[in-house]
Number of protein chains: 2
Amino acid sequence: MVTASRGISIGQLAKATGVNLETIRYYESIRLMPPPPRTRGGHRAYDRTHVQRLAFIRHARELGFGIEDVRALLRLAEPDRRSCAEVRDIASAHLAAVRAKLTHLVALERILDGTVERCSGEQVPICPILDMLGRPS
Amino acid sequence: MVTASRGISIGQLAKATGVNLETIRYYESIRLMPPPPRTRGGHRAYDRTHVQRLAFIRHARELGFGIEDVRALLRLAEPDRRSCAEVRDIASAHLAAVRAKLTHLVALERILDGTVERCSGEQVPICPILDMLGRPS
DNA sequence: CCTGCATCCCGTAGCTACTACGGGTTCAAG
DNA sequence: CTTGAACCCGTAGTAGCTACGGGATGCAGG
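In what follows, the accompanying structure is described. (Residues numbered from 1 in each chain as written. Chains lettered and ligands numbered in written order. Predicted model: local features only at pLDDT ≥ 70, side-chain atom pairs only at ≥ 80, totals over all residues. Heavy atoms only, no water.)

### Details of the packing of aromatic side chains
Residue and element names in this part refer to chain A.
- One pass over the full model with this rule turns up two aromatic pairs over all chains.
- Ring geometry for Tyr-26 and Tyr-27: centres 6.0 Å apart, planes at 45°, overall tilted.
- Note on Tyr-26: relative accessible area 44%, which makes it partly exposed.
- Classification of Tyr-27 by relative accessible area gives buried; the value is 8%. (Phe/Tyr/Trp six-rings, centres within 6.5 Å; stacked < 30°, edge-to-face > 60°. Buried < 20%, exposed > 50% of the residue type's maximum accessible area, 1.4 Å probe, protein only.)

### Focus: the relation of the copies chain B and chain A
- Taken as rigid bodies, chain B and chain A are interconverted by a rotation of 180° and an axial shift of 0.0 Å, the fit giving an RMSD of 0.2 Å. Here the two chains are linked by the operation of a two-fold rotation axis. Judged by C-alpha distance, Leu-102 of chain B is the residue of chain B that lies nearest the rotation axis, at 3.4 Å.
- A share of 100% of the interface residues of chain B reappears at the interface of chain A, consistent with the copies meeting face to face through the same patch. (Least-squares fit on C-alpha atoms with pLDDT ≥ 70 in both. Contact = heavy atoms within 4.5 Å.)

### Considering the interface of chain B and chain A
- Contacts between the two partners involve 48 residues from chain B and, on the opposite side, 48 residues from chain A.
- Summed over both partners, the interface of chain B with chain A comes to about 4100 Å²; 74% of that surface belongs to carbon and sulfur atoms.
- Across the contact surface, chain B and chain A share four salt bridges.
- For the salt bridge of Glu-109 of chain A with Arg-99 of chain B, the shortest nitrogen-to-oxygen distance reads 3.3 Å. (Buried area = accessible area lost by both parts, 1.4 Å probe. Salt bridge = Lys/Arg side-chain N within 4 Å of Asp/Glu carboxyl O.)

### Observations regarding the pattern of salt bridges
All names here are of chain A.
- Scanning all chains against the criterion turns up 14 salt bridges over all chains.
- Between Arg-44 and Glu-28 there is a salt bridge; the shortest N-O distance is 2.8 Å. Note that Arg-44 is positioned in the loop between α2 (21-29) and α3 (48-62) and Glu-28 in helix α2, a separation of 16 residues in sequence.
- By relative accessible area, which is 15% here, Glu-28 ends up buried. (Helix = DSSP H or I, 4+ residues; strand = E, 2+ residues; numbered from the N terminus.)

### Some remarks on the protein's contact with DNA strand D
- In the neighbourhood of DNA strand D, 20 residues make up the surrounding shell, with Ser-9, Arg-25 and Arg-44 of chain A together with Thr-23 and Arg-61 of chain B lying closest.
- Atoms of DNA strand D within 4 Å of the protein belong to the sugar or the phosphate in 83% of instances, the rest to bases.
- Within the side chain of Arg-25 of chain A, an N or O atom sits 2.7 Å from a phosphate oxygen of DNA strand D.
- Backbone polar atom of Ile-67 of chain B to a phosphate oxygen of DNA strand D: 3.4 Å apart, as the coordinates give it.
- Listed by contribution, the elements that provide at least two residues to the surface near DNA strand D are α1 (10-17) and α2 of chain A together with α2 (21-29) of chain B.
- Counting residues per element, the surface near DNA strand D draws most heavily on α2 of chain B, at four residues.
- For the surface near DNA strand D, the class distribution of residues is five nonpolar, ten polar and five charged. (Near = heavy atom within 4 Å. Polar contact = N/O pair within 3.5 Å; in protein donor to acceptor, adjacent residues only side chain to side chain. Nonpolar A, V, L, I, M, F, W, Y, C, P; charged D, E, K, R; others polar.)

### Remarks on the side chain of His-50 of chain A
All names here are of chain A.
- Note that His-50 resides in helix α3.
- Looking at His-50, the relative accessible area reads 8%, which means it is buried.
- With residues up to four places along the chain from it excluded, the contact list for His-50 reads Leu-13, Met-33, Pro-34, Pro-36 and Pro-37.

### A word on the nonpolar core
- If you look at the biggest cluster of nonpolar residues, it comprises 75 residues, and the most contacted ones within it are Phe-65 and Ile-129 of chain A together with Phe-65 and Ile-129 of chain B.
- When neighbours within four sequence positions are excluded, Phe-65 of chain A is seen to be in contact with Ala-60, Val-70, Leu-73, Ile-90, Ala-91 and His-94 of chain A together with Leu-112 of chain B. (Core = buried A, V, L, I, M, F, W, Y, C linked by side-chain atoms within 4.5 Å.)

### Focus on unusual backbone geometry
- Positive phi is not limited to glycine here, since Arg-31 of chain A has a value of about 60°.
- Inspection of the secondary structure puts Arg-31 of chain A in the loop between α2 and α3.

### Let's talk about the packing of helix α5 (residues 84-117) of chain A against helix α5 (residues 84-117) of chain B
- For the pair α5 of chain A and α5 of chain B, the least separation of the axes is 8 Å and the interaxial angle reads 155°. In terms of their interaxial angle, α5 of chain A and α5 of chain B are classed as roughly antiparallel. Crossing of α5 of chain A against α5 of chain B: the hand is left-handed.
- Looking at the contact of α5 of chain A with α5 of chain B residue by residue, the classes come out as 18 nonpolar, four polar and ten charged. (Axes fitted to C-alpha atoms, helices over the stretch in contact; angles between N-to-C directions. Parallel < 35°, antiparallel > 145°, perpendicular 65-115°, else oblique. Left-handed = near helix turned anticlockwise from the far one by under 90°.)

### What to know about the protein's contact with DNA strand C
- Around DNA strand C lies a shell of 23 residues, among which Thr-23 and Gly-41 of chain A together with Ser-9, Arg-25 and Arg-44 of chain B are the nearest.
- For DNA strand C, the backbone portion of the atoms within 4 Å of the protein, that is sugar and phosphate, comes to 85%.
- The side chain of Glu-22 of chain A places a nitrogen or oxygen atom 3.4 Å from a base nitrogen of DNA strand C.
- At a separation of 2.7 Å, a phosphate oxygen of DNA strand C approaches a polar backbone atom of Gly-41 of chain A.
- When contributions to the surface near DNA strand C are tallied by element, the ones reaching two or more residues are α2 of chain A together with α1 (10-17) and α2 of chain B.
- The greatest single-element share of the surface near DNA strand C, amounting to four residues, is contributed by α2 of chain A.
- Residues that form the surface near DNA strand C fall into these classes: six nonpolar, ten polar and seven charged.

Structure representation (structure tokens):
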């Protein structure tokens, strides 16, 4: 069981946040997570603030924010440092990027769908898929 | 000017296909493009078949096919090796992946849009974006 | 022929965001 | 105190390129 006085181990933090253990160490190495205190034996001992921070990071990553965006959002989330305008700038820039990707994927879906549909699957001299890929321009 | 007798240089191939010169060398290193003949001085000398192959690769990559898929498609595009069914399998698997990504991005767009919309941009005690990111679960 | 400069050569390292490996240490339950 | 799970760290691998740098080559003009 968890003994609160000894802190939260990296494995427990991983389970609590759904973030891979190796990823937590990676986040520490890139200074996205602060280096936590250690036990006598050198094991990481986290506390509730680390759980919160990592959960925040996970949510942001799930929403597709890049690491540098997350870093900026974390800075802006600090008390007395809150600048909602900057936060919104980051979020809306990301939203625009998502929309661009979306547009791209929709176009892509249409082409693939149209081509696959025209493919009979039989051994015919002309395959519409290969045809499309091989055509100039 | 292009002197056909001396072959097409890697730079000309790059321009002709819109593929980055470094990328062409990379494709050669992973055996996606065959090693072309060289000039006395060691410069790559391509011909029309290389242009076709690279154009095919570029189209497939633009449609989001992974390198290994492209490799398979190229094999299946060889004469007497055409198996339209296999081609369709690759393409429809990719289509499914695209649709999954699409679904994901749509959901993501909705969340971001909803949150950004609720953000006034003013210095308020509660920022809906940070709030969303910081909330548990 | 020769100069000058664009192009090309190759190997290596960097990018994003992790994930995996492996040999050794520590923790905690029984 | 034993034992096995969990943790340590450094390194390398993933996709798919892109960038860098120092040197060799190609080609057009003089």
